[in-house]
Amino acid sequence: MRRVVITGLGTVNALGLDVATSYPRILAGENGVTTLDRFDTTGITATIAAQVQWSPDECGFDVKDQRKLDPFTMWALMASDEALADAGFGDMRDLPEAARERFGSIVGTGIGGITGVLEQHDVMRDRGARRVTPHFIPRIMPNAVSGQVAIRHGLMGTAFTTSSACASAGHAIGMAWRSIQWDECDLVVTGGAESAITPLSMAGFASAKALSTRNDAPHEASRPFDLNRDGFVMGEGAGLLVLEEYEHAKQRGARIYAEVKGYGSTDDAFHITAPKEDGLGPARAMGDALRHGKIDPTNVQYVNAHGTSTAYNDSIETTAIKRLFGDHASTLAVNSTKSMIGHLLGAATAVELVVTAKAIANGEVHPTRNYTTPDPACDLDYVPGEARELAIENALCNSLGFGGHNVSILIGKL
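All values reported here derive from a predicted model rather than from experimental measurement.

A. Molecular detail of helix H12 (residues 311-325). Helix length check: H12 (15 residues) gives 22 Å between terminal C-alpha atoms against 21 Å at 1.5 Å per residue, within 8%. Buried residues of H12: Asn 313, Asp 314, Ser 315, Ile 316, Glu 317, Thr 318, Ala 320, Ile 321 and Phe 325, and no others. If you follow the buried residues of H12, they end up packed against helix H11 (280-293), strand E9 (302-304), strand E10 (333-335) and strand E13 (394-401). The first or second residue beyond H12 is Gly 326, which carries a positive phi of 60 degrees.

B. Molecular detail of the packing of aromatic side chains. Taken as a whole and assessed by the stated rule, the structure comprises 7 aromatic pairs. Seen from their ring centres, Trp 54 and Phe 61 are 6.5 Å apart, and the 75 degrees between their planes marks the pair as edge-to-face. Accessibility expressed as a relative area gives 22% for Trp 54, which makes it partly exposed. With centroids separated by 4.1 Å and ring planes inclined at 10 degrees, the aromatic side chains of Phe 225 and Tyr 382 adopt a geometry described as stacked. Taken together, the residues span a long stretch of sequence, with Phe 225 in the loop between helix H9 (199-207) and strand E7 (237-245) and Tyr 382 in the loop between strand E11 (364-365) and strand E12 (388-389) at a distance of 157 residues. Each member of the pair, Phe 225 as well as Tyr 382, is classed as buried.

C. Structural detail: the nonpolar core. With 47 residues, the main nonpolar core has Ile 6, Leu 241, Leu 243 and Ile 411 as its most contacted residues. Counting residues per element, this core draws most heavily on helix H14 (residues 348-362), which supplies 9 residues. Setting aside its immediate chain neighbours within four residues, Leu 241 contacts Ile 6, Gly 8, Leu 9, Ala 83, Ile 173, Val 188, Val 189, Thr 190, Ala 350, Leu 353 and Val 354. Formed by 28 residues, the second largest nonpolar core is a distinct cluster that contains Leu 77, Ala 83, Val 107 and Ala 238.

D. Representation of helix H8 (residues 168-181) in the model. Under the 1.5 Å per step criterion, the end-to-end length of H8 is 20 Å for 14 residues, consistent within 8% with the ideal 20 Å. Of all the 14 residues making up H8, 12 are buried; the element is thus mostly covered by neighbouring parts of the structure. Listed in full, the buried residues belonging to H8 are Ser 168, Ala 169, Gly 170, His 171, Ala 172, Ile 173, Gly 174, Ala 176, Trp 177, Ser 179, Ile 180 and Gln 181. Directly after H8, the chain includes Asp 183, whose backbone phi takes a positive value near 65 degrees.

E. Seen up close, the packing of H11 against H12. Two elements in contact, H11 and H12, have axes whose closest approach is 8 Å; the angle formed by their N-to-C orientations is 45 degrees. It follows that H11 is oblique to H12 by the angle criterion. Judged by the sense of rotation from one axis to the other, the crossing of H11 with H12 is right-handed. Mapping the contact onto sequence places Leu 280, Pro 282, Ala 283, Met 286, Gly 287 and Leu 290 in H11 and Ala 320, Ile 321, Arg 323, Leu 324 and Phe 325 in H12. A class-by-class count of the residues in the contact of H11 with H12 yields 9 nonpolar, 1 polar and 1 charged.

Analysis parameters
- Residues numbered from 1 in each chain as written.
- Predicted model: local features only at pLDDT ≥ 70, side-chain atom pairs only at ≥ 80, totals over all residues.
- Heavy atoms only, no water.
- Helix = DSSP H or I, 4+ residues; strand = E, 2+ residues; numbered from the N terminus.
- Expected span 1.5 Å × (residues − 1).
- Buried < 20%, exposed > 50% of the residue type's maximum accessible area, 1.4 Å probe, protein only.
- Contact = heavy atoms within 4.5 Å.
- Phe/Tyr/Trp six-rings, centres within 6.5 Å; stacked < 30°, edge-to-face > 60°.
- Core = buried A, V, L, I, M, F, W, Y, C linked by side-chain atoms within 4.5 Å.
- Axes fitted to C-alpha atoms, helices over the stretch in contact; angles between N-to-C directions.
- Parallel < 35°, antiparallel > 145°, perpendicular 65-115°, else oblique.
- Left-handed = near helix turned anticlockwise from the far one by under 90°.
- Nonpolar A, V, L, I, M, F, W, Y, C, P; charged D, E, K, R; others polar.

Structure (structure tokens):
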């Protein structure tokens, strides 16, 4: 079976518009959660979010682009530019078509173009059906993100979008790994993007009582595994990675962050929003990832957890880790990137895998921000306080999504 490595990283999130800006801030445990300032939040119980601070114009998107592209797609394009440049590529379209026929684009999103849906709904209501833009459907459809990434870079191999709530990017990355393993592609740009900080989506999650309402202290709101957690904080952005066949990468002298060694995907088959309390679903996903990679659980040092800051998720994920790892669970470093940049829904796994790849390459793990009061139901090492030096041979990156979807990705040193 062909080996798969990570050669490029790109991200847009609340702490920065690229890896160079955001990763040091994540490592320092900085806060990306602020009071919502884009729209009137009257009647919405949660008025905080981890917002991307950006200007489409300054990021290279002209008026025509902004009419055609939803923010989730623009952020994916920015992150894909960064990831491919980081992997050592120039303009991919300069390469022969025969090469690009084996380059793919598999990108996940949980919700897709909800910004465009709300905008054009208002146009139709206020100005009539004839004024709805012809760009509406190609702007808001979920597969716009993988299609636009393919178009921008001339990627002519397999291209599609996965959509499985918070596990969307995890499934996309898993499919990219398999595509390269199975000799369908030599390189895949993969990950996820999401732009769901809108009045409607905020109201929906708030009505489901999923969001933190610590509105008077946004910097303390996202607190995974902490006893006083009260819900997740909405985030937004994108994470894109270049996955590449090992020999292909080696032949061109590429810098390799980590090897993708395994992928597990299961479902609780229990409830559309609530995880099953026994933790067997995520435990099986992690176990499958280790089995694919032929890695013993005792040779894992780090878990980048789903860690949403909700009561059920954090305790059940803890249970799942303990089910799989047994006594070794207490030796693991377990942290949550969401404690700083919020929950990016369909993009979460991708940004968190970017962070995990950096952790392996640099031998360091970031802290879980706001972890101050231990919860008896969450009794692992969640890296409180400050970043920590850690030699990492293998690490898991977890995602648990509405629908009972569980994904775990195993990456490690070559």
